[in-house]
Number of protein chains: 2
Amino acid sequence: MPWSLAPSYGSPFVMDLDHGRRYGTIEDFENFVKLAQMSPNLHHSGGTICEPTDVAVNKRHLDMVYAHMRYSDRAFLGSITAPERAEDSIAMCRILFGADFVEQNCVIMGNFNTTSPLVIDGVTSRGIRTYAAAGQGTIHLPFLLGGAVAPLTMAGSLAQCLAESMVSCAITQLVRPGAPAVLASFISSMSLRSGSPTFGTPEPALGSLAMGQLARRLKLPLRCAGNFSTSKLPDGQAMQQSMMSMMSAVQSGANYILHSAGFLDGLLSMSYEKFILDTDICGALHAYLKGFEVNEDTLGFEALAEGGPGQHLFATQHTLRHYQTAYWDSAVDDHQPWETWDEKGGLDAATRANARWKAQLAAYEAPAIDPGTDEALREFITKAKDAAPDAWY
Amino acid sequence: MPWSLAPSYGSPFVMDLDHGRRYGTIEDFENFVKLAQMSPNLHHSGGTICEPTDVAVNKRHLDMVYAHMRYSDRAFLGSITAPERAEDSIAMCRILFGADFVEQNCVIMGNFNTTSPLVIDGVTSRGIRTYAAAGQGTIHLPFLLGGAVAPLTMAGSLAQCLAESMVSCAITQLVRPGAPAVLASFISSMSLRSGSPTFGTPEPALGSLAMGQLARRLKLPLRCAGNFSTSKLPDGQAMQQSMMSMMSAVQSGANYILHSAGFLDGLLSMSYEKFILDTDICGALHAYLKGFEVNEDTLGFEALAEGGPGQHLFATQHTLRHYQTAYWDSAVDDHQPWETWDEKGGLDAATRANARWKAQLAAYEAPAIDPGTDEALREFITKAKDAAPDAWY
């Protein structure tokens, strides 16, 4: 089953341990594209990783698409906030990949939210039609907060999710039969004490598993869940909620998992430290999905025979042959004895992640791009920006 | 499938945010029995929740068994460190429950580790025989650190685990056919960089799933995994590793999950704060295992019809009928808006858990016990303690 993990999407704020919570900028956006590119555990560059609030609303899509093209060599999501911004995203792909290639291949996707309950508004449906007409991919996502825009019983949330996503998928086939469409699910719960949305809780985890079954029944690819949390810090709550949500996403058989890295604060903030911790979870899940082989070598009876009962296996041929590949190795987790950990400063996971994202950005190198292509992209952006005054709504 | 969650077991150290890491005492032990009793999410009082290192090695089992009997009304594990201590544990059960009742019913279990690889030593096998002869339960656990005392490939670890646990189970049937025996698995991985044991990693999570299948094939109950972590703090690493391990335990269909609360530092430390965070995970897993119902009421079409397309569902009859039961509610997670959270001090999950275990201990009330029984238990303990000098090894 092909699967693809991408950074979180759509937060107006960013956070790090040094500067706390603040509005995202294009520099933050570029940093996250670079951090994603550095992670071997993600497959996809994502879309609006954070809102670059220092760029005009009607122009920021140009800088975001360019950043994905220039600072990553992975696939990415284009703009969906207006049909003409969707057109710009696809036009830039034609410059990067060539118009003929784009006509024949899906090179970009747009992620479209329904206007739940039971509505798909004009901006959304026109955006969907723009991508579909160009033969490009679309994700059809009901963002269902149970009790707010969907029944709060899981069966009802799922039925509504399925209906809305199927109708939205169907629009693409009216425009261009065969245009790629992805069924999607984003179901959250709410706190009974405050009425606030909650993420990383057990009911939506069950919902993800059921959604996987529904998608397989329809033979449609599925976008589902992610490393969700309502925590305001990259702490124990954040990682416990994320792991429950993310394991269910993986176990549902989801093919595309947006929000795989950085999600905090109920999706209002992208966290630099959580991004690092989440990509590490993604690495663990790669190992988890590999399963394990059962054969004469992996059964390792020779290893037990070599030393015999009561003897340790550190130096057996079997151990020496397998020790470098037997177990996944985390980039941030601490496994040292307590004394060693204490002598080295007694750091928590968030503090180690803080050091790691800085080291990753310092070590980042941009992938190569054809200079003529790069110039053509920049010219397109300049022309598009000059053609209209800045708009901030 | 019956399942039972119990606190972690066997740590020499305890930790809390106020006083850091230190050797456990009988006061710590009693505190953890009380905290477990206060949690609606645990089923079982556990055994050696932490080592009460201020009590002589040859006498501490008496105080531990008494604490489980006096401060909890749940089932618990008896001593296994010497056959006579196993006898004492069962003798105290005869005082509490009556000798006839104990002869006819399993009221206590002992948790026995094999001496891997491929050895069951004399102390262990004599202990197993003591419990089995009394018709009491035994858990048969290979503690397999891959590469150290088992092949580090998962198939080999599992084959050895199955063989050792089955042989250990079989001992009970030679002593008393029908004596209750529990198949068990505790498989860890190791860090390739340091050679240290690791916990909460993906390979042992897969191993748990396979072990569940093997146990069902044998029609034996299974003890498996727990809230494992190598972290030294109740931080993001701790809760991410715990959730991966614990979800696999639950998904394996394990019937008894020791180490469900408090496990840190690769099992060397019991943490007060992690205990609270883990019991909260246990609560989430209760909700997860409940699944969800699909019927006319839970499909909630009436809720969507009531408002119609585009209208929120906050005040529908369906929402009002279900909002108190639709979603599991965490006792420690924060779901408030960022501003509210920040105004209230911007606390992380560990700090909230610190306040909660103190409040729980302050609110604790001991369950009732018959005064005559209590006196008989105390007399038994005094007599046993007076019969031998303190031993500290």
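Reference entry: report on the structure contained in this document. Predicted model, so just to flag it, every value in this text is computed and none were measured.

Cut-off values and rules
- Residues numbered from 1 in each chain as written.
- Chains lettered and ligands numbered in written order.
- Predicted model: local features only at pLDDT ≥ 70, side-chain atom pairs only at ≥ 80, totals over all residues.
- Heavy atoms only, no water.
- Helix = DSSP H or I, 4+ residues; strand = E, 2+ residues; numbered from the N terminus.
- Rg over C-alpha atoms; globule rule 2.2 N^0.38 Å.
- Buried < 20%, exposed > 50% of the residue type's maximum accessible area, 1.4 Å probe, protein only.
- Contact = heavy atoms within 4.5 Å.
- Areas by Shrake-Rupley, 256 points an atom, 1.4 Å probe, with all protein chains shown as cover.
- Pairing = 2+ DSSP bridges.
- Axes fitted to C-alpha atoms, helices over the stretch in contact; angles between N-to-C directions.
- Buried area = accessible area lost by both parts, 1.4 Å probe.
- Salt bridge = Lys/Arg side-chain N within 4 Å of Asp/Glu carboxyl O.
- Polar contact = N/O pair within 3.5 Å; in protein donor to acceptor, adjacent residues only side chain to side chain.
- Nonpolar A, V, L, I, M, F, W, Y, C, P; charged D, E, K, R; others polar.
- Expected span 1.5 Å × (residues − 1).
- Core = buried A, V, L, I, M, F, W, Y, C linked by side-chain atoms within 4.5 Å.
- Least-squares fit on C-alpha atoms with pLDDT ≥ 70 in both.
- Phe/Tyr/Trp six-rings, centres within 6.5 Å; stacked < 30°, edge-to-face > 60°.
- Lys NZ or Arg CZ within 6 Å of the ring centre and 35° of its normal.

A count of helical and extended segments in chain A gives 15 helices and 12 strands. Scaling as 2.2 N^0.38, a compact globule of 393 residues should have a C-alpha radius of gyration of about 21 Å, and chain A matches this with 23 Å. Across its three principal directions, the C-alpha atoms of chain A cover 75 × 50 × 45 Å. Looking at chain A as a whole, 62% of its 393 residues are labelled buried. Taking all contacts inside chain A whose residues are at least 6 apart in sequence as the whole, residues at least 24 apart take part in 74%. On chain A, roughly 14700 Å² of surface is accessible, and the fraction owed to carbon and sulfur atoms is 56%.

Residue and element names in this part refer to chain B. Taken in spatial order, the 4 strands of this open sheet run β3-β2-β12-β11, and their pairing is mixed. Pairing within the sheet leaves two strands with one partner each, and these edge strands are β3 (20-23) and β11 (263-264). As judged from the 3 bridges shared by strand β2 (residues 13-16) and strand β12 (residues 269-271), these two strands associate in the parallel manner. Bridge assignment links M15 to a residue of β12, and that residue is S271. Packed on one face of the sheet, helix α9 (residues 272-290) meets β2, β3, β11 and β12 and runs near 65° to β12.

A separate point is the interface of chain A and chain B. Contact residues are listed per partner, giving 96 residues for chain A and 96 residues for chain B. Around 8000 Å² of area is buried between chain A and chain B when both sides are counted, 68% of it from carbon and sulfur atoms. Ranking the residues of chain A by area buried against chain B places L192, Y327 and H335 of chain A at the top, with a combined share of 11%. Inspection of the region where chain A meets chain B yields 4 salt bridges. Salt-bridge contacts for E339 of chain B lead to R21 of chain A; the nearest nitrogen and oxygen are separated by 3.5 Å. The interface formed by chain A and chain B contains 37 residue pairs in polar contact (both at pLDDT 80 or more). Per-element tally for the side of chain A that touches chain B: the top contributor is helix α8 (residues 236-251) of chain A, with 10 residues. Partitioned by chemical class, the residues of the side of chain A that touches chain B number 48 nonpolar, 34 polar and 14 charged.

The next thing to look at is helix α5 (residues 122-133) of chain A. Residue and element names in this part refer to chain A. In this model α5 runs 16 Å from its N-terminal to its C-terminal C-alpha over 12 residues, within 8% of the 16 Å that 1.5 Å per residue would give. Looking only at α5, the buried set comprises T124, S125, G127, I128, T130, Y131 and A132. Looking at the buried residues of α5, the elements they touch are α3 (83-97), β4 (109-113), β5 (137-141) and α6 (154-175). At the N-terminal end of α5, a side-chain oxygen is found 3.4 Å from the backbone nitrogen of V123, two or three residues along, and the residue is D121. Taken from the residues just after α5, G135 is the one with a positive phi, measuring 75°.

We now examine the nonpolar core. Among the nonpolar cores identified, the biggest contains 187 residues, and L285 of chain A together with L285 of chain B are the most heavily contacted of them. Beyond its immediate chain neighbours, meaning those up to four positions away, L285 of chain B contacts M244 of chain A together with W3, M246, M247 and V250 of chain B. In terms of nonpolar packing, the next biggest core, distinct from the first, is built from 20 residues, V65, F76, I90 and C93 of chain B among them.

Another point: the relation of the copies chain A and chain B. Least-squares fitting of chain A to chain B yields an RMSD of 0.0 Å, with the superposition described by an axial translation of 0.0 Å and a rotation of 180°. This pairing of chains is accounted for by a two-fold axis. Closest approach to the rotation axis within chain A is made by the C-alpha atom of G236 of chain A, at a distance of 2.1 Å. The residues that chain A uses at the interface reappear at the interface of chain B in 100% of cases, marking a shared surface.

Time to look at the environment of A133 of chain B. Residue and element names in this part refer to chain B. One can find A133 in helix α5 (residues 122-133). For A133, a relative accessible area of 45% gives the class partly exposed. When the C-alpha positions of A133 and R22 are compared, they lie 38 Å apart, and in sequence the two are 111 residues distant. Sequence-distant contacts of A133, defined by excluding residues within four places in its chain, comprise V175 and R176.

What follows deals with helix α7 (residues 202-218) of chain A. Relative to the 24 Å expected for 17 residues at 1.5 Å per residue, α7 of chain A spans 25 Å between its end C-alpha atoms, a close match to the ideal helical length. For α7 of chain A, the complete set of buried residues consists of P202, E203, P204, A205, L206, G207, S208, A210, M211, G212 and A215 of chain A. On its buried side, α7 of chain A packs onto α6, β7 (181-190), β9 (222-224) and α8 of chain A together with α9 of chain B. Note on α7 of chain A: the residue one or two positions beyond its end, K219 of chain A, has a positive phi of about 60°.

The next point concerns the packing of aromatic side chains. Under the definition given, this model contains 26 aromatic pairs over all chains. Ring plane angle 40° and centroid distance 4.8 Å describe the contact between F186 of chain B and F228 of chain B, whose orientation is recorded as tilted. In this pair, F186 of chain B is assigned in strand β7 (residues 181-190) and F228 of chain B in the loop between β9 (222-224) and α8 (236-251), connecting sequence segments 42 residues apart. Like F186 of chain B, the residue F228 of chain B is buried in the burial classification. The lysine or arginine in question, K34 of chain A, covers the ring of Y71 of chain A, its NZ or CZ lying 4.8 Å from the ring centre.

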